[in-house]
Structures are given as structure tokens and as C-alpha cells.
Amino acid sequence: MIAKQRVKRTLLAATMGLTVAVGGIATASTAQAADTGHTKISCSAVKIRKAPSKTSTVVGIGYRKDPVAYDQWAYKKAEKQWYTRGTVTRKSDGKRIRGYMVYQCANPYQTNPAPTPKIPK
């Protein structure tokens, strides 16, 4: 009885590990994880979107010098455009908005234009 439970647990752990590894490989070509950092919006205004795409739903707007806590970058091959994912805290009303914004407007170098990362192959 105990041996069967150990085999089941081992099999379950191996399956979950493989699932996590395959999921990480599948998403690596479209997004790059990064350490969480802080920056400010460098454009006069930027649309914050639900997904990294120009046609994605806009969830809010961030304005110049609004702080951003970013945690990921994504490259959209079809648009040849980098996006930064993070949370913008608007100074005007204190509202926190989470989503993707154009990399040039929310970059870790706090300059405009930003040096963009290498394009994934």
C-alpha cells in the first residue's frame, strides 16, 4: 500500500515538473521575464492594454512621470514592437492600472528613446 502511494506521488511530481518545463519553453519565444523594477512613464501619455498588441483592449491611460512597477517585456513579432508589462500608479487620482504599454514609453533606462532589447529569433 505504501509503495503504491510513493509511486503515485513520484509519477505526479514528474508529470507536474514536465508540464511546467514545457509551458516555460512554449512562452519563452514571445515574452522575457525580468526582475521587478521601477521606472516612470517618459511619453506625454501611453495607453495601457490588456495584452501586448496594438489592437488589444485599453484598460487605462498613464501620463508622463507616473511611476511604473514593471516585471516583464514582450515582443510582438507581427508589429515589430516591444511592450513592457507592469502596474502604473497615476499621480492624478492614485488609480493603479495593470497591463502592457509600449516599451519606449515605459523603459527601465528612464530615457526616451529607449535602447530596445534584442529581437528574439
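Each remark here, short or long, concerns the structure printed above.
Remember, it's a predicted structure, so these values are computed and weren't measured experimentally. (Residues numbered from 1 in each chain as written. Predicted model: local features only at pLDDT ≥ 70, side-chain atom pairs only at ≥ 80, totals over all residues. Heavy atoms only, no water.)

Enquirer: Which parts of the structure should I look at to understand the overall build of the protein chain?
Expert: Looking only at helices and strands, the protein chain has one helix and six strands in total. In sequence order, the protein chain lays out its α and β elements as α-β-β-β-β-β-β. Buried residues in the protein chain amount to 30% of all 121 residues. For the protein chain, the proportion of contacts with a sequence separation of at least 24, taken over those separated by at least 6, is 50%. (Helix = DSSP H or I, 4+ residues; strand = E, 2+ residues; numbered from the N terminus. Buried < 20%, exposed > 50% of the residue type's maximum accessible area, 1.4 Å probe, protein only. Contact = heavy atoms within 4.5 Å.)

Enquirer: I keep staring at the packing of aromatic side chains and nothing clicks. Help me out?
Expert: For any pair of aromatic rings, the description rests on two quantities: the centre-to-centre distance and the angle between the ring planes. Inspection of the entire model under this criterion finds three aromatic pairs. Ring geometry for Tyr-70 versus Trp-73: centroids 5.5 Å apart, planes at 35°, classification tilted. Taking relative accessible area as the criterion, Tyr-70 reaches 9% and is therefore assigned buried. Judged by its relative accessible area of 14%, Trp-73 falls in the buried class. (Phe/Tyr/Trp six-rings, centres within 6.5 Å; stacked < 30°, edge-to-face > 60°.)

Enquirer: When you look at the pattern of salt bridges in this model, what are you seeing that I'm missing?
Expert: In the structure shown here, the tally under the stated rule is three salt bridges. Salt-bridge contacts for Arg-90 lead to Asp-93; the nearest nitrogen and oxygen are separated by 2.8 Å. Classification of Arg-90 by relative accessible area gives buried; the value is 14%. (Salt bridge = Lys/Arg side-chain N within 4 Å of Asp/Glu carboxyl O.)

Enquirer: In this structure, what is going on with the pairing of strand S4 (residues 67-76)? I would like to understand it.
Expert: Looking along a regular strand, one sees the side chains alternate between the two faces of the sheet. Examined bridge by bridge, S4 and strand S5 (residues 81-89) share eight bridges and lie antiparallel to one another. In the strand pairing of S5, Trp-73 is matched with Thr-84. Hairpin connection, S4 to S5: the antiparallel pair is bridged by four residues, and Lys-80 has positive phi, about 55°. (Pairing = 2+ DSSP bridges.)

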